[in-house]
Amino acid sequence: MPKPLAFTIGRRSLLLGMPALAFAGGIRTAFAYAPTDQRLVVVLLRGAMDGLSVVAPYGSPQLAGLRGGLMLPEPGQPGGLLDLGGQFGLHPSLAGLHGMYSDGELLILHAVAGPYRSRSHFDAQDMMESGADHRLDSGWLNRAAGAMPPPASESARPLVAGLSMPLLMEGAVPVSSYAPDKLADKMPAALWDQVAMLSAADPLIGPAVQEGLASRSYDAGVVAQMQGATGDLARFSGPAGQLLAAPDGPRIAALEIGGWDTHQAQKPRLAQTLKLLDDGMVALKGGLGPAWSKTAVLVITEFGRTARENGTNGTDHGTASACFVLGGAVAGGRVGGTWPGLADNQLFENRDLDPTTDMWSVAKGLLAEHMGVRSAAFRAIFPGSSADPASGLIRRV
Amino acid sequence: METHPALALIRFGLGRRGDEDVPADPGAWLQAQLDGPGTPAYPDGLSSVADALNALHQLGELRKISKTKIDPKDDPVVPLMKADAAAECGQWLSAEDSFRERLVLFWTNHFTVSRRTGACGPLIGPFIREAIRPNVNGDFGTMLLAVMRHPAMLVYLNNAQSAGPDSVGGLRRHVGLNENLGRECLELHTVSPAAGYTQADVTAMASIITGWSIKPDGDDAGFLFRRRAHEPGSKILMGREFPEGEEGGIEALAFLAVHPSTARHLATKLARHFVADDPPPALVERIADRYLATSGNLPEVMRVVIASPEAWQGLSKLRTPLDFTCASMRAVNLPGDQSKRVASAMNAMGQPLWNAPSPKGWSDLASDWVDPATLLRRVEFAYQLSGSANNQDPVALTDVALGPFAAKPLKTAVANAGSRREAIALLFSSPEFWRR
């Protein structure tokens with residue numbers, strides 16, 4: 001059954017009794033704060049995060065049947081999920097985020113997806129970053145920056161913390177970039193694994209690569225044992241937070257972290273990547289210091305993964321995933337969105353978590369409520385998007 | 001004969017550029033590059049050997065009067081070396097006639113001069129431009145003479161200071177012969193030890209070229225024959241008599257250039273470079289025969305190589321770090337001067353730019369490059385480079401870089417990778433991309 005992509009209040013039931021995100025047409029720009037003092041950070045999770053493992057609906061009767069070996073113990077048990085209020089549990093690698101949730105600083109939205117329907121990483125990432133249903137030459141965050149008052153100085157330009165410029169930040173508005181050093185730009189462990197596999201059959205190169213990895217204490221196939229093998233997000237996000245905290249610093253920043261494409265050995269791989277994300281977000285908060293109270297961080301991934309476990313202890317490309325909105329300015333401490341259910345007929349194409357919240361409504365909501373972007377600008381920022389800006393994302397002061 | 005279009009750029013060239021077409025007729029594409037000198041349109045302002053020698057002279061004068069180390073920003077040599085690296089790296093990455101560029105690289109490595117001898121630094125660029133490039137499509141003997149008279153080689157292998165023990169200067173200053181260039185000319189540049197020469201021949205060769213030296217400053221800085229350092233009398237080299245004087249050296253080099261042992265030595269190196277580490281003896285034979293029949297005419301020799309079926313069979317050669325760096329950077333085809341990235345990559349992968357450890361140059365054997373630690377640095381470079389190319393289509397890039405040589409596991413991995421960046425990193429970390 002095809003389902004509309006935008007949703008309206010009350011159309012679907014919610015779990016947890018949490019208030020739904022309110023979607024209001026025609027946002028008014030009445031703010032109690034100067035727009036330039038707010039911070040917005042967007043974190044891209046490249047490779048498609050498995051929302052059902054990260055924010056597990058452990059109260060769902062279908063979950064065990066779908067997930068099999070990917071299941072984690074329920075909250076309260078050793079190595080179990082971190083409870084989010086009785087129906088959902090946060091992955092145990094996300095202890096830092098769970099603390100923010102308890103402090104009301106983390107809003108989790110479930111069953112979120114962009115309005116595009118592609119299961120190609122490349123295409124979907126292009127669209128997630130372009131803010132459109134096809135690849136553009138500029139990213140939505142850059143165009144959003146163009147709709148805000150221009151930075152007072154060069155130091156206040158939008159910031160990319162990383163060694164490569166994501167399409168998200170490409171565009172007419174000049175951006176600056178920060179990278180601690182090349183060593184921080186480490187290859188994800190899973191990629192080393194693939195490199196080793198590609199050359200395994202080569203009689204000359206294969207043994208040399210194996211030996212090289214062995215001498216780096218890399219045990220092929222046991223990627224979870226590799227320490228810090230994925231790009232070390234905290235080394236970018238901590239300093240990025242400090243830059244954002246400066247009175248004349250940037251107000252917009254983008255970060256990215258790969259390693260989410262867990263087709264096999266998902267449990268150890270996801271645990272490792274989530275830990276890096278968690279450390280990265282804690283470091284970002286630490287770097288921001290008091291400015292955390294004026295910050296909202298949007299964490300998005302290009303699509304979700306299959307509801308069912310695949311044949312190699314992993315999951316394949318799917319549709320909806322979870323999205324995080326965190327920060328001192330965020331009205332958090334709840335799981336929002338519209339829970340679509342996991343029964344076969346509730347899954348998208350009887351396969352994926354069904355998308356019930358449009359990623360652009362969340363992004364628009366943050367731009368409007370938090371950064372003072374006027375709704376008239378959304379047509380250029382998200383061309384072709386009819387999604388209404390979500391409201392209620394930001395704490396009312 | 002089956003000539004694989006994609007292989008022309010991979011094997012004979014420096015890798016296909018992102019904006020480059022696969023030649024419709026690979027044979028014709030290669031043939032066309034065997035005409036004319038390998039001298040490209042350089043940026044303005046590159047130094048001549050005279051400029052470089054004067055800069056070195058100026059640096060020497062600075063050192064005399066300076067009590068402290070010269071600050072790099074005051075060092076007159078540094079900007080010349082930077083410009084040379086930018087110009088040559090620029091050619092590797094942008095050249096459309098990349099087969100000719102490979103020939104330039106081959107002969108530059110054959111006649112290695114290295115930054116490990118400090119004073120060579122600013123002379124290497126002029127050496128490539130003045131001694132190698134104009135002669136890659138000429139007679140080997142012409143190149144040999146240009147190399148042996150070039151200040152870069154005379155400095156690197158110490159001939160500039162060599163003096164005949166019985167020469168006027170030698171007797172007065174009690175200095176003598178330095179055999180270095182004479183020996184390497186026989187061993188590495190021409191006949192090789194297979195010719196069976198003796199120590200007496202080495203001494204003779206070194207004596208023959210005594211006085212081949214350098215005028216270190218002034219507008220005419222460059223090669224200078226110093227008669228006062230030249231060993232008097234005729235010399236016997238490999239059973240031949242060569243007269244006293246500058247002419248004796250020119251004649252000896254002409255003799256060595258067309259010697260059958262030189263033909264075999266060069267034929268083996270060419271076949272090893274273009275066909276296989278262990279080249280088929282029959283092919284070496286054919287190349288050497290053509291070499292002798294044409295008195296070392298390099299285009300004629302290369303025509304034998306490109307016309308041989310052995311040269312068109314799959315990806316048989318491991319790419320050196322230089323090959324790997326060029327091929328990956330040509331594929332992604334980034335704008336602007338990339339010489340710093342090239343130099344730092346080559347350094348990390350064990351082949352620092354113009355820094356060969358010995359006059360033998362860099363090895364052309366896979367066994368010398370399958371070092372586990374440095375191979376992993378290729379992967380790390382691939383990951384870094386892919387971060388700068390994360391807006392490119394990995395599937396299209398795989399086709400550019402490998403064409404039909406991309407195996408199915410790689411294609412699958414690229415198509416299913418978690419991001420463009422990861423896909424491109426996998427492409428450049430694949431065993432097929434590490435070969436040519």
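About the criteria used
Residues numbered from 1 in each chain as written. Chains lettered and ligands numbered in written order. Predicted model: local features only at pLDDT ≥ 70, side-chain atom pairs only at ≥ 80, totals over all residues. Helix = DSSP H or I, 4+ residues; strand = E, 2+ residues; numbered from the N terminus. Rg over C-alpha atoms; globule rule 2.2 N^0.38 Å. Buried ≥ 20, exposed ≤ 12 C-beta atoms within 10 Å, placed from the backbone. Contact = placed C-beta atoms within 7 Å. Core = buried A, V, L, I, M, F, W, Y, C linked by C-beta atoms within 7 Å. Nonpolar A, V, L, I, M, F, W, Y, C, P; charged D, E, K, R; others polar. Pairing = 2+ DSSP bridges. Domains from an automatic or database assignment. Axes fitted to C-alpha atoms, helices over the stretch in contact; angles between N-to-C directions. Left-handed = near helix turned anticlockwise from the far one by under 90°. Expected span 1.5 Å × (residues − 1). Parallel < 35°, antiparallel > 145°, perpendicular 65-115°, else oblique. pLDDT = per-residue confidence, 0-100.

Visitor: Just give me the short version of the overall build of chain B, but keep the residues and values in it.
Guide: In terms of helices and strands, chain B carries 21 helices and 4 strands. Against the 2.2 N^0.38 benchmark of 22 Å for 436 residues, chain B shows a C-alpha radius of gyration of 23 Å, consistent with a compact globule. With the C-alpha coordinates aligned to their principal axes, the bounding extent of chain B is approximately 75 × 60 × 35 Å. For chain B, buried positions account for 50% of its 436 residues.

Visitor: How would you summarise the overall build of chain A if you had to cite specific residues and measurements?
Guide: For chain A, the count of helices and strands is 11 helices and 14 strands. Taken over 397 residues, chain A has a buried fraction of 57%. Here the analysis covers contacts within chain A between residues at least 6 apart in sequence; of these, 76% occur between residues at least 24 apart.

Visitor: I'd like to hear about the nonpolar core, residue by residue, with values.
Guide: Membership of the largest hydrophobic core comes to 137 residues, with the highest contact counts inside it found for M153, I287 and L427 of chain B. Here this core gets 7 residues from one element, more than from any other, and that element is helix 18 (residues 372-388) of chain B. In this structure, L106, A113, L168 and I394 of chain A belong to the second largest nonpolar core, which totals 105 residues.

Visitor: Can you explain the interface of chain B and chain A? Please cite residues and give values.
Guide: Tallying the contact residues gives 31 residues for chain B and 27 residues for chain A. Those elements that provide at least two residues to the side of chain B that touches chain A are helix 18, helix 20 (408-416) and helix 21 (420-428) of chain B. Among the elements that line the side of chain B that touches chain A, the one with the most residues is helix 18 of chain B, at 10 residues. Here the residues of the side of chain B that touches chain A sort into 18 nonpolar, 9 polar and 4 charged.

Visitor: An account of the sheet that holds strand 5 (residues 89-90) of chain A is needed here, citing residue identities and associated values.
Guide: All names here are of chain A. In space, the 3 strands of this open sheet follow the order 3-5-4, with antiparallel pairing throughout. Of all strands in the sheet, those with a lone pairing partner are strand 3 (55-56) and strand 4 (82-83), marking the two edges. Where strand 3 and strand 5 come together, 2 bridges link them in antiparallel fashion. For A56, the partnering residue across the bridge sits in strand 5 and is G89.

Visitor: Could you give me a rundown of the domain arrangement of chain A, with the residues and numbers involved?
Guide: On domain assignment, one finds that chain A holds domain 1 (22-183 + 230-391) and domain 2 (189-226). Computed from C-alpha coordinates alone, the two centres of domain 1 of chain A and domain 2 of chain A are separated by 31 Å.

Visitor: Give a description of unusual backbone geometry that names residues and reports values.
Guide: Residues and elements named next belong to chain A. Even without being glycine, A265 reaches a positive phi, approximately 45°. Inspection of the secondary structure assignment puts A265 in the loop between strand 9 (252-257) and helix 9 (266-288). One non-glycine residue, N313, adopts positive backbone phi at about 60°. Residue position: N313 is located in the loop between strand 10 (295-301) and strand 11 (321-326). Overall, the presence of 17 C-beta atoms within 10 Å leaves N313 in the partly exposed class.

Visitor: Which residues make up the pairing of strand 6 (residues 106-113) of chain A, and what values go with them?
Guide: All names here are of chain A. Within strand 6, 8 of the 8 residues are buried, leaving the element largely enclosed by the surrounding structure. One ladder, built from 4 bridges, connects strand 6 with strand 12 (residues 334-337); its direction is parallel. Looking across to strand 12, one finds that I108 is bridged to V335.

Visitor: Please provide a residue-by-residue account of the environment of G241 of chain A, values included.
Guide: Inspection of the secondary structure puts G241 of chain A in helix 8 (residues 233-245). Separated by 51 residues in sequence, G241 of chain A and W292 of chain A have C-alpha atoms that sit 8.6 Å apart.

Visitor: Give me the lowdown on the environment of A415 of chain B, citing residues and values where you can.
Guide: Residues and elements named next belong to chain B. By the element assignment, A415 lies in helix 20. A residue is classified by how many C-beta atoms lie within 10 Å of it, and A415, with 14 of them, is partly exposed. Along the backbone, A415 and T398 are 17 residues apart, and their C-alpha atoms lie at a distance of 9.8 Å.

Visitor: Any details on the packing of helix 4 (residues 78-94) of chain B against helix 6 (residues 121-132) of chain B? Residues and values, ideally.
Guide: Residues and elements named next belong to chain B. Relative to each other, helix 4 and helix 6 sit at 35°, their axes nearing to 8 Å. Seen from above, helix 4 lies across helix 6 with left-handed handedness. For the pair formed by helix 4 and helix 6, the contact residues are L80, M81, D84, A87 and E88 on the first element and G121, P122, I124, G125 and I128 on the second. Its residues placed into classes, the contact of helix 4 with helix 6 shows 6 nonpolar, 2 polar and 2 charged.

Visitor: Hey, could you go over the pairing of strand 2 (residues 39-45) of chain A for me, with residue numbers and the actual values?
Guide: All names here are of chain A. By the criterion of burial, strand 2 is predominantly enclosed, with 7 of the 7 residues buried. Burial of the side chains of strand 2 extends over both faces: R39, V41, V43 and L45 are buried on one face and L40, V42 and L44 on the other. Relative to strand 10, strand 2 runs parallel, the two being bridged by 7 bridges. In the strand pairing of strand 10, R39 is matched with T295.

Visitor: An account of helix 18 of chain B is needed here, citing residue identities and associated values.
Guide: The end-to-end C-alpha separation of helix 18 of chain B is 25 Å, in line with the 24 Å expected for 17 residues at 1.5 Å each. With 12 of 17 residues buried, helix 18 of chain B lies mostly within the body of the structure. What helix 18 of chain B keeps buried is the set L375, L376, R378, V379, E380, F381, A382, Y383, Q384, L385, S386 and G387 of chain B. Where the residues of helix 18 of chain B are buried, they touch helix 6 (189-199) and helix 7 (205-215) of chain A together with helix 16 (321-332), helix 17 (339-348) and helix 21 of chain B.

Visitor: If you had to explain the environment of D19 of chain B to someone new, which residues and values would you point to?
Guide: Residue and element names in this part refer to chain B. With respect to the helices and strands, D19 occurs in the loop between helix 1 (5-12) and helix 2 (26-32). Take D19: there are 10 C-beta atoms within 10 Å of it, and that puts it in the exposed class. As a C-alpha pair, D19 and P372 span 353 residues in sequence and 33 Å in three-dimensional space.

Visitor: Give a detailed account of the packing of helix 14 (residues 281-293) of chain B against helix 15 (residues 298-306) of chain B, specifying residues and quantitative values.
Guide: Residues and elements named next belong to chain B. Two elements in contact, helix 14 and helix 15, have axes separated by 8 Å at closest approach and are oriented at 160°. Relative to helix 15, the element helix 14 is oriented roughly antiparallel. The handedness of the crossing between helix 14 and helix 15 is right-handed. Residues R286, I287, R290 and Y291 of helix 14 pack against E300, V301, V304 and V305 of helix 15. Looking at side-chain class alone, the contact of helix 14 with helix 15 contains 5 nonpolar, no polar and 3 charged residues.

Visitor: Give a description of helix 4 of chain B that names residues and reports values.
Guide: Residue and element names in this part refer to chain B. Compared with an ideal rise of 1.5 Å per residue, which puts 17 residues at 24 Å, helix 4 spans 24 Å between its outermost C-alpha atoms and is within 8% of the ideal. Within helix 4 the residues assigned to the buried category are L80, M81, D84, A87, E88, C89, Q91, W92 and L93. Looking at the buried positions of helix 4, the neighbouring elements they touch are helix 3 (49-65), helix 5 (98-110), helix 6, helix 16 and helix 17.

Visitor: Got a sec to walk through the confidence of the model for chain A? Specific residues and values, please.
Guide: Of the residues in chain A, 85% have a pLDDT of 70 or more, and the chain-wide mean is 85. For residues 1-35 of chain A, every residue scores under 50 in pLDDT, and the model assigns this stretch 60 contacts once sequence neighbours within four places are set aside.

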